[in-house]
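Single-letter residue listing:
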Amino acid sequence: QVQLVESGGGLVQPGESLRLSCVASGGTFNRYDMHWSRQAPGNQRELVATIAVGGNTNYADSVLGRFTISRDNAKNTVYLQMNGLKPEDTAVYYCGTVYRAMWRWGQGTQVTVSS
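Read on for an overview of the structure. Note that the structure is predicted; figures quoted are calculated from it, not measured.

### Quick word on the pairing of strand S3 (residues 18-25)
Phase 1 of the analysis: Note that strand S1 (residues 3-7) and S3 share five bridges and pair antiparallel. Bridge assignment links serine 7 to a residue of S3, and that residue is serine 21.
Phase 2 of the analysis: Two elements, S3 and strand S8 (residues 77-82), share six bridges in a ladder whose sense is antiparallel. Within the sheet, the bridge partner assigned to leucine 18 lies in S8 and is methionine 82.

### Regarding empty space enclosed by the protein
Phase 1 of the analysis: Per the stated rule, a full pass over the model turns up one cavity of 30 Å³ or more.
Phase 2 of the analysis: Along the walls of the largest cavity sit Val2, Leu4, Ala24, Ser25, Gly26, Gly27, Thr28, Phe29, Tyr32, Met34, Asn76 and Thr97, which together make up its complete lining.
Phase 3 of the analysis: Residues belonging to the lining of the largest cavity are distributed by class as follows: six nonpolar, six polar and no charged.

### Comments concerning the side chain of aspartate 89
Phase 1 of the analysis: Positionally, aspartate 89 belongs in the loop between S8 and strand S9 (91-99).
Phase 2 of the analysis: Here aspartate 89 falls in the buried class, since its relative accessible area comes to 0%.
Phase 3 of the analysis: Within polar-contact distance, the side chain of aspartate 89 engages the side chain of arginine 66 at 2.7 Å.
Phase 4 of the analysis: Within polar-contact distance, the side chain of aspartate 89 engages the backbone nitrogen of lysine 86 at 2.8 Å.
Phase 5 of the analysis: Setting aside anything within four residues of it in sequence, one finds aspartate 89 in contact with Arg38, Arg66, Phe67, Gly84, Val111 and Val113.

### A look at the side chain of arginine 104
Phase 1 of the analysis: Tracing the chain through its elements places arginine 104 in strand S10 (residues 102-105).
Phase 2 of the analysis: Despite being buried, arginine 104 has no salt bridge partner; glutamate 6 is the closest side chain of opposite charge, sitting 13 Å away.
Phase 3 of the analysis: What arginine 104 contacts, discounting residues up to four positions off in sequence, is Gln1, Val2, Leu4, Cys95, Gly96, Thr97 and Tyr99.

Rules of the game
- Residues numbered from 1 in each chain as written.
- Predicted model: local features only at pLDDT ≥ 70, side-chain atom pairs only at ≥ 80, totals over all residues.
- Heavy atoms only, no water.
- Pairing = 2+ DSSP bridges.
- Helix = DSSP H or I, 4+ residues; strand = E, 2+ residues; numbered from the N terminus.
- 1 Å grid on protein atoms, 1.4 Å probe; cavity = no way out; pocket = protein on both sides within 12 Å on 5 of 7 lines; lining within 4 Å.
- Points joined across faces, edges and corners; volume = space filled by probe spheres on them.
- Nonpolar A, V, L, I, M, F, W, Y, C, P; charged D, E, K, R; others polar.
- Buried < 20%, exposed > 50% of the residue type's maximum accessible area, 1.4 Å probe, protein only.
- Polar contact = N/O pair within 3.5 Å; in protein donor to acceptor, adjacent residues only side chain to side chain.
- Contact = heavy atoms within 4.5 Å.
- Lys, Arg positive; Asp, Glu negative; His and termini not counted.
- Salt bridge = Lys/Arg side-chain N within 4 Å of Asp/Glu carboxyl O.

What follows is the structure in structure tokens.
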């Protein structure tokens with residue numbers, strides 16, 4: 001069973017940056033597309049970034065040009081570099097993958113953007 005553990009969240013001011021990390025275990029990391037999503041209170045979960053096995057990336061319009069997803073297969077880790085953070089980016093951020101035909105998500109890390 002794949003397990004995902006996120007870290008790197010925190011409280012920052014608007015315009016600042018954070019880098020989230022997600023370490024995967026229990027599966028063959030380099031065989032899976034990896035995703036970052038987020039959920040703010042009262043909102044539906046939003047898929048914000050995807051990195052495919054081959055390295056292709058996709059982003060939600062809301063983060064395009066500000067967020068960058070990357071992966072280090074040697075470390076079984078996926079990252080989300082978040083620049084130019086805005087108050088509306090405040091949410092719990094989750095990394096996930098589809099493992100054995102089911103979505104698997106980590107426990108999440110809180111990102112709060114506030115002055």
